[in-house]
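Listed below are the residues making up each chain.
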Amino acid sequence: MRFYQENMREVFGKTLVDLGEQYKELIVLDADLFTSTMTVYFKEKFPKRFIQCGVAEGNMFGIASGLASLGFITIPTTFAAFAVRRSLDQIYTNICYPKLNVKIPGLYSGFTASKNGPSHNFVEDISIMRSLPNIRVVAPGDNRELRSFMFKMMRYNGPVYFRVPRVEPVILFEDNYEFEWGKGIVIKSGKDLSLISTGIMTGVALKASEILEREGIEVEVVHMPSIKPIDEELIVRTAKNTGCIFTLEDGRVYGGFGSAVLEVIARYYPVPFHMIGIGNEVIGSGSIEEIMKTYGLTPQGVSQRILNIVKGERYVK
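Residues numbered from 1 in each chain as written. Predicted model: local features only at pLDDT ≥ 70, side-chain atom pairs only at ≥ 80, totals over all residues. Heavy atoms only, no water.

A. Highlighting the nonpolar core. Membership of the largest hydrophobic core comes to 110 residues, with the highest contact counts inside it found for I104, F149, M150, F162, L248, V261 and I306. Apart from residues lying up to four places away in sequence, F162 is in contact with F12, K103, I104, P105, G106, V138, L146, F149, M150 and M153. (Core = buried A, V, L, I, M, F, W, Y, C linked by side-chain atoms within 4.5 Å. Buried < 20%, exposed > 50% of the residue type's maximum accessible area, 1.4 Å probe, protein only. Contact = heavy atoms within 4.5 Å.)

B. Fine view of unusual backbone geometry. Backbone torsion omega between K228 and P229 reads 5°, so that peptide bond is classified as cis. Note on placement: P229 falls in the loop between strand 10 (226–228) and helix 10 (232–242). Positive phi outside glycine occurs at Y108, with the angle close to 60°. Structurally, the position occupied by Y108 is in the loop between strand 4 (103–107) and helix 7 (125–129). Residue class for Y108 comes out buried when judged on its relative accessible area of 6%. (Helix = DSSP H or I, 4+ residues; strand = E, 2+ residues; numbered from the N terminus.)

C. Spotlight on the pattern of salt bridges. With the rule as written, the count across this model stands at 14 salt bridges. Put simply, E263 and R130 hold a salt bridge, and the shortest N to O gap is 2.6 Å. Placement of the pair is E263 in helix 11 (residues 257–268) and R130 in the loop between helix 7 and strand 5 (136–138), with a sequence separation of 133 residues. The exposure class assigned to E263 is partly exposed, which follows from its relative accessible area of 35%. E232 is the salt-bridge partner of R267, the closest N and O atoms lying 2.8 Å from each other. Of this pair, R267 sits in helix 11 while E232 sits in helix 10, and the two are 35 residues apart along the sequence. Here the salt bridges do not stand alone but share partners, grouping D125, R163 and D250 into one network. (Salt bridge = Lys/Arg side-chain N within 4 Å of Asp/Glu carboxyl O.)

D. How the structure looks around helix 4 (residues 57–69). The end-to-end C-alpha distance of helix 4, which contains 13 residues, comes to 18 Å, matching closely the 18 Å that a straight helix rising 1.5 Å per residue would cover. Among all positions of helix 4, only E57, G58, M60, F61, A64, S65, L67 and A68 are buried. Tucked inside the fold, the buried residues of helix 4 contact strand 1 (26–30), strand 2 (50–52), strand 3 (73–79), helix 5 (80–85), helix 6 (88–96) and strand 4. Note on helix 4: the residue one or two positions beyond its end, G71, has a positive phi of about 105°. (Expected span 1.5 Å × (residues − 1).)

E. Structural view of the sheet that holds strand 8 (residues 193–197). Here we have 5 strands laid out as an open sheet, ordered 7-9-8-11-12, and mixed in their pairing. Of all strands in the sheet, those bounded by a partner on one side alone are strand 7 (185–188) and strand 12 (273–278). Along the sheet, successive strands turn relative to each other by an average axial angle of 25°, direction set aside. Bridge count between strand 8 and strand 9 (residues 219–223): 5 bridges; the pairing is parallel. Opposite L193, over in strand 9, you have V219 as the bridge partner. (Pairing = 2+ DSSP bridges. Axes fitted to C-alpha atoms, helices over the stretch in contact; angles between N-to-C directions.)

F. Expanded view of the sheet that holds strand 6 (residues 160–164). Taken in spatial order, the 7 strands line up as 2-1-3-4-6-5-10 in an open sheet, and their pairing is mixed. Strands with a single pairing partner mark the edges of an open sheet, and in this sheet they are strand 2 and strand 10. Geometrically, the sheet is characterised by an average inter-axis angle of 20° between neighbouring strands, direction not taken into account. The sheet contact formed by strand 1 and strand 2 spans 3 bridges and is parallel. By the bridge assignment for strand 2, D30 is matched with Q52. With respect to the sheet, helix 4 is in contact with strand 1, strand 2, strand 3 and strand 4, its orientation differing from that of strand 3 by roughly 170°.

G. Looking closely at the pairing of strand 6. Burial analysis of strand 6 places 5 of its 5 residues in the buried class, the great majority of the element. Residues of strand 6 alternate between two faces, with V160, F162 and V164 on one and Y161 and R163 on the opposite face, all of them buried. Strand direction decides the pairing type here: strand 4 and strand 6, joined by 5 bridges, are parallel. Looking across to strand 6, one finds that I104 is bridged to Y161.

H. Spotlight on the pairing of strand 9. Most of strand 9 sits out of view: 5 of its 5 residues are buried. A two-sided burial pattern is seen for strand 9, the buried positions comprising V219, V221 and H223 on one face and E220 and V222 on the other. Of the pairings in the sheet, the one linking strand 7 to strand 9 comprises 3 bridges and is antiparallel in character. Considered in strand 9, the bridge of I185 is made with H223. Handedness of the crossover joining strand 8 and strand 9 through helix 9 (residues 201–213): right-handed. (Right-handed = clockwise from strand over helix to strand, strands pointing away.)

And the structure:
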């Protein structure tokens, strides 16, 4: 189906319209980015349930929390950088603290703001949002998962943060796929090491595993869309299966997705562990392909990094 090969922001915008049909209490708020976030579809279909807040994200989140306290389900929309970095106080105090029913999409997450540079590329969102109380954090891997998740989040009464990168993702799942809170999925089996990834990086993980197979290394690829809550049982099971874990994310490794996995491993089943993601660098400007190559997040870069570690450390099979 062509629908599932579209850019994720397109699927996000179209799914908002479907949700609007089903949930009359849904209100979408915008920070003057509706043609970029694709909330233009909702605006055209439901103009009375679309609130233009202008370039004032903190105010937008305040309005979203006020409406949620009256029984509405609100979705305030802007780029991830402006949602989290610019509006963190409102998210914490007005949404997470009272556990209000606000769903927060982080659009253009990771480095998919691309040529907009350091002000728009944003890789700290997982680190920040998973540390907040009462909020769930999700990074869908493809369009089917994004759509399934969005319907699932509407049935959960509480705040949610989810990533919506500006990218046409690799197709991971069939039409009948259903997202589940706190559940990961083994995408590919292997016995030598585990590569646990989240969001759109699972597509990269799969391609990297194919490169490593040609080097004689069998990789178990695990997709982990639900970051908070996280699938502790699956993490421990894959650690026991291969005895070595790598994590892969298009986010900051300090407190990010890899740290969430490591917290589970450290508590229940310590094994050799390595995180692949963004370190201490500021993400500059360029095409998505250029940025991924610069930071070693292409399939070739990821597989080479794993190979270097495997060859240099005796405890890896």
